[in-house]
Amino acid sequence: MRSLIRTHATEFSLLAVIVVISAVLSFATANFFSLGNAFDLLNISAVNIIFAVGLLVVLIAGGIDISFAVAASVVQYGTAIALGWIGGGGWISGLFIAGSLGVLLGCFNAFLIHRFRIISIVATISTFNIYFGLLMFFTHGVSIYDLPDWLTDRVILFEREMPDGTWIEITLPVLVMVVCVIATWTLITRTTTGRQLYAFGDNPEGARRFGINIGAMQFIAFGWLGLMAGIGGLIQAHYAQEVVPNALYGRELDVLAAVVLGGARLGGGKGTVLGCVLGVLLISITQNGLNLMGVSPFAFKMIIGAIILIAITLSNTRIERLLPFVGQKGTGR
């Protein structure tokens, strides 16, 4: 048991914190502890989880990207325009276009980082401003409401009427999120490429000497995040039933906080999909509870900043220092 806790200390800690916060919020608000609110949280968190698993791969590879949310907005517009050119299309063509555009933008980041030896955070700060500036310049901040019916029609996978007359439902974004989570988990834990990403993030020089293609690792990591950003952008347009140029602006910090809180190390070489998902859920639960309590959204931004600071601090502290009993060996009798 101690070995299991030591191996998955971050995940156990997050689960414990989620339980405690949920218990507190259930007493503080009347509507928090309900099945309907839980399902709403899952539907709302789907896009952030898609973004988060993509960012996780970049962090594992030792990089950082803050341009993915704006890239997703660019993909939304590009996909909407492309769908108009082909007469509306469908989910297959929409996902293909969005995914392709996302990969292209992600690989552009990788190109800058690898070709010109630019630090990833500096490169993505630059592309963040480039992407957003170009988007606002060409769109003039005008939203797109004329979208194909297949994109705006709600797809309900499961629904049930509760005794109080309310309905609970699981929608398409949750299914897409599950597929993205499984695909990312498979990539980083069940493939040689995944092991190379961990090795590269943990020790870039050692990975280079071992023969790992550094350029390929960077293009795979940022390309994967681009793919997730593209898919997440399309799903966000489906959820909102419109394309708004600044709808995803600023979401990158929420997602980054969640992924780091979930155990991903900014220095690279560490992180799990489960921890990543739990981190997003913790952020969503906190925000939902504060909203139900009527707390200002600006207070939530302060909490996000504190979470990032605490998560970074904890990522540099061995779990045994925080939980001494975890590191002790059982004496047995």
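Quick summary incoming for the structure in this document.

1. Digging into helix α2 (residues 9–28)
Phase 1: The end-to-end C-alpha separation of α2 is 28 Å, in line with the 28 Å expected for 20 residues at 1.5 Å each.
Phase 2: When we look at burial in α2, the residues that qualify are Ala 9, Glu 11, Leu 14, Ile 18, Ser 22 and Leu 25.

2. A word on the pairing of strand β1 (residues 156–161)
On a regular strand, each side chain points to the face opposite its neighbour's, so the side chains alternate between the two faces of the sheet.
Phase 1: Pairing geometry for β1 and strand β2 (residues 167–171), over 5 bridges, is antiparallel. Along β2, the bridge assignment pairs Glu 161 with Trp 167.
Phase 2: As consecutive antiparallel partners, β1 and β2 are separated by 5 residues, and within that stretch Gly 165 has a phi angle of approximately 95°, a positive value.

3. Considering the pattern of salt bridges
Phase 1: Using the criterion set out here, one finds 4 salt bridges in the structure.
Phase 2: Where Arg 265 meets Asp 202, a salt bridge forms, and the shortest distance between an N and an O atom there is 3.1 Å. Here Arg 265, found in the loop between α12 (251–261) and α13 (273–292), pairs with Asp 202, found in helix α9 (residues 192–202); they are 63 residues apart in sequence, far enough to count as distant.
Phase 3: Judged by relative accessible area, which is 52%, Asp 202 ranks as exposed.
Phase 4: Ionic pairing is found between Glu 205 and Arg 209, a salt bridge with its closest N-O pair at 3.3 Å. Highlighted residues: Glu 205 and Arg 209, both in helix α10 (residues 204–209), separated by 4 residues, approximately one helical turn.
Phase 5: Residue classification places Glu 205 among the partly exposed residues on the basis of a relative accessible area of 37%.

4. A look at α13
Phase 1: With 20 residues, α13 should cover 28 Å at 1.5 Å per step; its first-to-last C-alpha distance of 29 Å lies within 8% of that length.
Phase 2: If you check the start of α13, you find a side-chain oxygen 3.0 Å away from the backbone N of Gly 275, and it comes from Thr 272.
Phase 3: Of the residues flanking the end of α13, it is Gly 294, one or two places downstream, whose phi is positive at about 80°.

5. Details of a nonpolar patch on the surface
Phase 1: Taken together, the side chains of Phe 108, Phe 111, Phe 116 and Phe 219 define a hydrophobic patch exposed on the protein surface, amounting to about 360 Å² of accessible area.
Phase 2: By residue number, the principal contributor to the nonpolar patch is helix α5 (residues 91–116), which donates 3 residues.
Phase 3: Within the secondary structure layout, Phe 108 lies in helix α5.

6. So, the packing of aromatic side chains
Phase 1: Counting across every chain of the model gives 7 aromatic pairs.
Phase 2: Ring centres 5.6 Å apart and planes at 45° place the aromatic pair Phe 128 and Tyr 249 in the tilted group. Residue Phe 128 is found in helix α6 (residues 120–139), and its partner Tyr 249 is found in the loop between α11 (214–240) and α12; the two are separated by 121 residues along the sequence.
Phase 3: Judged by relative accessible area, which is 10%, Phe 128 ranks as buried.
Phase 4: The class of Tyr 249 is partly exposed, set by a relative accessible area of 43%.
Phase 5: Between Phe 137 and Phe 138, the aromatic rings sit 5.2 Å apart at their centres with planes inclined by 85°, giving edge-to-face as the arrangement. In this structure, Phe 137 and Phe 138 share a single accessibility class: exposed.

Cut-offs used in this document
- Per chain, residue numbering runs from 1 following the sequence as it is written.
- With the structure being a predicted model, the display of local features is reserved for residues of pLDDT at least 70 and the display and counting of side-chain atom pairs for 80 or more, all residues being used for whole-chain, interface and lining totals.
- Side-chain metrics in this entry use all non-hydrogen atoms of the structure; hydrogen atoms and water are not considered.
- Secondary structure elements follow DSSP: runs of H or I no shorter than four residues count as helices, runs of E no shorter than two count as strands, and numbering proceeds from the N terminus.
- Here the expected length of a helix is defined as 1.5 Å per residue gap, with one fewer gap than residues.
- In this scheme, a residue with accessible area under 20% of its type's maximum is buried, one over 50% is exposed, and one in between is partly exposed, where area comes from a 1.4 Å probe on protein chains only.
- Here a strand pair is declared whenever DSSP counts at least two bridges between the two strands.
- Here, a salt bridge means any side-chain nitrogen of Lys or Arg that lies within 4 Å of a carboxyl oxygen of Asp or Glu.
- Polar contacts, as counted here, are pairs of nitrogen or oxygen atoms within 3.5 Å of one another; within protein the pair requires one atom able to donate a hydrogen and one able to accept it, and residues that are adjacent in sequence qualify only if both atoms are side-chain atoms.
- The residues that make up patches have over 30% relative accessible area and no salt bridge, and they are joined within 9 Å when like-charged or within 5 Å when they are Val, Leu, Ile, Met, Phe, Trp or Tyr.
- Note on areas: Shrake-Rupley with a 1.4 Å probe; residue coverage comes only from the protein chains shown.
- Ring pairs are drawn from Phe, Tyr and Trp, using the six-membered ring of Trp, whenever the two centres fall within 6.5 Å, and their geometry is named by plane angle: stacked under 30 degrees, edge-to-face over 60, tilted for the rest.

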